[in-house]
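Residue-level listing of the chains:
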Amino acid sequence: MNYSQFLDMMPEAFLVLELIVLFFADFCLTKSESKLPKLWTLAVGALLLQTCLLFGLQEPSEAFGGIYKVTPMVSVMKIILTAGTLVVVVMSRTWLETNAKYCGEFFLLVLSTLLGMYVMMSSGSFLMFFLGLEMASVPMACLVAFDKTVKHSAEGAAKYILVATFSSGVMLFGISFVYAATGSLYFDNVSQALSAVTPLAIMGLVFFFAGLGFKISLVPFHFWTADTYQGAPTPVTGYLSVVSKGAAALTLCIILHKVFGAMADVWNPLLWIVIVLSITVANLFAIRQKELKRFMAFSSISQAGYIMLAVIGGDAQMGATALTFYVLVYVVANMAVFTVISAVEHNGGSTQMAAYNGLYQTNPKLAFLMTLALFSLGGIPPFAGMFSKFFVFLAGVQGHNAEPFWPYFVVFIALVNTVVSLYYYLLIVKAMYITKEEHPLPTFRTDGATKLSLVICTLGICLFGICSCVYEWIAAATL
């Protein structure tokens, strides 16, 4: 074996090195009062270094006979997800003050999950893909159950790990069908062998898609989402809703177009149905929610449907660009919402929507930033969410020759559901600005880490739509 091939896996190698450094730092620091600030600074610095490293490593590379592959688009998504993880670590500082003794484990689990997502996106075979998926899923279950003092945390973790185990079994079942039909697990070999579509290959595709649908929480594979989001600590919920979803969405896009491209007539109708169900069902259930993290769970299911709109287009390059840009905008908008939820929860509030009644009277800045984030999620111009939705709508109807009606119908349903989603996002705005409350949440000052997280997210919400260079940078990576 030529071990120099590990040099082609520089992002993963540096992330492993950062994990080792954090592990020994956590081991050497014995005083809990000094552990959190030092480990937090080290974790933030490591993720900043990782992001800078990824900006310089966007050249295509391949290692170990094609089992590991990196394209510029994958490198761009790694940058986005690493930046999203950085925001999660920054916003978690306040929450970790109550769990300072275990902050080292938290940072190690977060970086381990990110490493699994790296491997999953860079996989060149189903074997490597599955290993990366499990590397991301197992630490995530530990993160969901991290807060032992919350009664719903263990329940949410149990549901997450049970569903993750079941979905992994379904996915492995599908991969076994693909192997039986093609005789290989390498993406390139499978793609060539599937030039002739067989019933065995169709079964493999359906089971594989169902297994990954659980990870992305698409309807009807979404039943674990609300309970897990509610039970998990708020920073973990934010991490689960954006970073893991973005990695799985891009991987599914790559596999469908590059591996199962010859079977587009099979998986396109499947995606049309799942997208319509995901957006519609999630929007209807979100209207009924009074608990804010459950509310955001159904919002994330709906957003997953919008992300998948980019995959149904006939132009794979445009679809990958629109998907990646949507994930970027979704990361900053959703993390802004969860940062505000975490700040309110830490300062005497709760995650019930009623806790936000009259928030503008006592904390106008937080209410204003929450409104900007919700407007971006709803797609209101001129915020970045409007541009991200426009690009996925445009990508969804591009390149269709044989079926001109159904892609337009799916995009039309998604467009109508945008109005519904705007209605339930405005319910929170109404609570903060209009609903009267005799005893609203008292005025409080947020700490520096929370302010930094909100500044980063708000700048992204306001600038990513206006600065066309961001979309052009992502588009250049697909060429």
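Structure report, in brief.

For the rest of this paragraph, the subject is helix α18 (residues 448–463). Structurally, the α-helix is built with 3.6 residues per turn, so residues lying three or four positions apart point the same way. The end-to-end C-alpha distance of α18 is 22 Å, a good match for the 22 Å that 16 residues give at a rise of 1.5 Å each. Buried within α18 are the following residues: Ala449, Thr450, Ser453, Leu454, Cys457, Thr458, Gly460 and Ile461. In a view along the axis of α18, the buried residues occupy a sector of 160 degrees, so they form one face of it.

This part covers the packing of aromatic side chains. Applying the stated criterion across every chain yields a total of 26 aromatic pairs. For the ring pair phenylalanine 375 and phenylalanine 383, a centre distance of 6.3 Å and an interplane angle of 40 degrees mean the geometry is tilted. What makes phenylalanine 375 partly exposed here is its relative accessible area of 22%. Note that lysine 78 overlies the ring of tyrosine 118, its terminal NZ or CZ placed 5.1 Å from the centroid. Arginine 93 extends its terminal NZ or CZ atom over the ring of tryptophan 40, reaching a point 5.1 Å from the ring centre.

All right, on to the nonpolar core then. Judged by nonpolar contacts, the single largest core of 171 residues is most densely connected at Phe260, Met308 and Leu323. Here the element with the most residues in this core is helix α13 (residues 316–346); it accounts for 21 residues. Ignoring any residue separated from it by four or fewer positions in sequence, one finds leucine 323 in contact with Met77, Ala249, Leu250, Cys253, Ile307, Met308, Ala310 and Val311. Membership of the second largest hydrophobic core comes to 8 residues, among which are Phe64, Tyr68, Val70 and Met128.

Take the side chain of threonine 51 next. Among the structural elements, threonine 51 can be located in helix α2 (residues 32–55). Filtering out sequence-adjacent residues up to four positions away, threonine 51 remains in contact with Ile79, Thr82 and Ala83.

In this section: the environment of serine 241. With respect to the element layout, serine 241 can be found in helix α10 (residues 234–258). Measuring from C-alpha to C-alpha, the distance between serine 241 and alanine 297 comes to 7.6 Å, with 56 residues separating the pair along the chain. Beyond its immediate sequence surroundings of up to four residues, serine 241 is in contact with Tyr229, Ser300, Tyr330, Asn334 and Phe338.

With that out of the way, let us pick up the packing of α10 against helix α12 (residues 292–309). In the contact formed by α10 and α12, the axes pass within 11 Å of each other and the chain directions differ by 15 degrees. Here α10 lies roughly parallel to α12, going by the angle between them. When the axes of α10 and α12 are compared, the crossing they make is right-handed. Seen from α10, the contacting residues are Thr234, Thr237, Ser241, Lys245, Ala249 and Leu252; seen from α12, they are Lys293, Ser300, Ala304, Ile307 and Met308. Among the residues making up the contact of α10 with α12, the classes are represented as 5 nonpolar, 4 polar and 2 charged.

Definitions and cut-offs
- Residues numbered from 1 in each chain as written.
- Predicted model: local features only at pLDDT ≥ 70, side-chain atom pairs only at ≥ 80, totals over all residues.
- Heavy atoms only, no water.
- Helix = DSSP H or I, 4+ residues; strand = E, 2+ residues; numbered from the N terminus.
- Expected span 1.5 Å × (residues − 1).
- Buried < 20%, exposed > 50% of the residue type's maximum accessible area, 1.4 Å probe, protein only.
- Arc of directions from axis to C-beta.
- Phe/Tyr/Trp six-rings, centres within 6.5 Å; stacked < 30°, edge-to-face > 60°.
- Lys NZ or Arg CZ within 6 Å of the ring centre and 35° of its normal.
- Core = buried A, V, L, I, M, F, W, Y, C linked by side-chain atoms within 4.5 Å.
- Contact = heavy atoms within 4.5 Å.
- Axes fitted to C-alpha atoms, helices over the stretch in contact; angles between N-to-C directions.
- Parallel < 35°, antiparallel > 145°, perpendicular 65-115°, else oblique.
- Left-handed = near helix turned anticlockwise from the far one by under 90°.
- Nonpolar A, V, L, I, M, F, W, Y, C, P; charged D, E, K, R; others polar.

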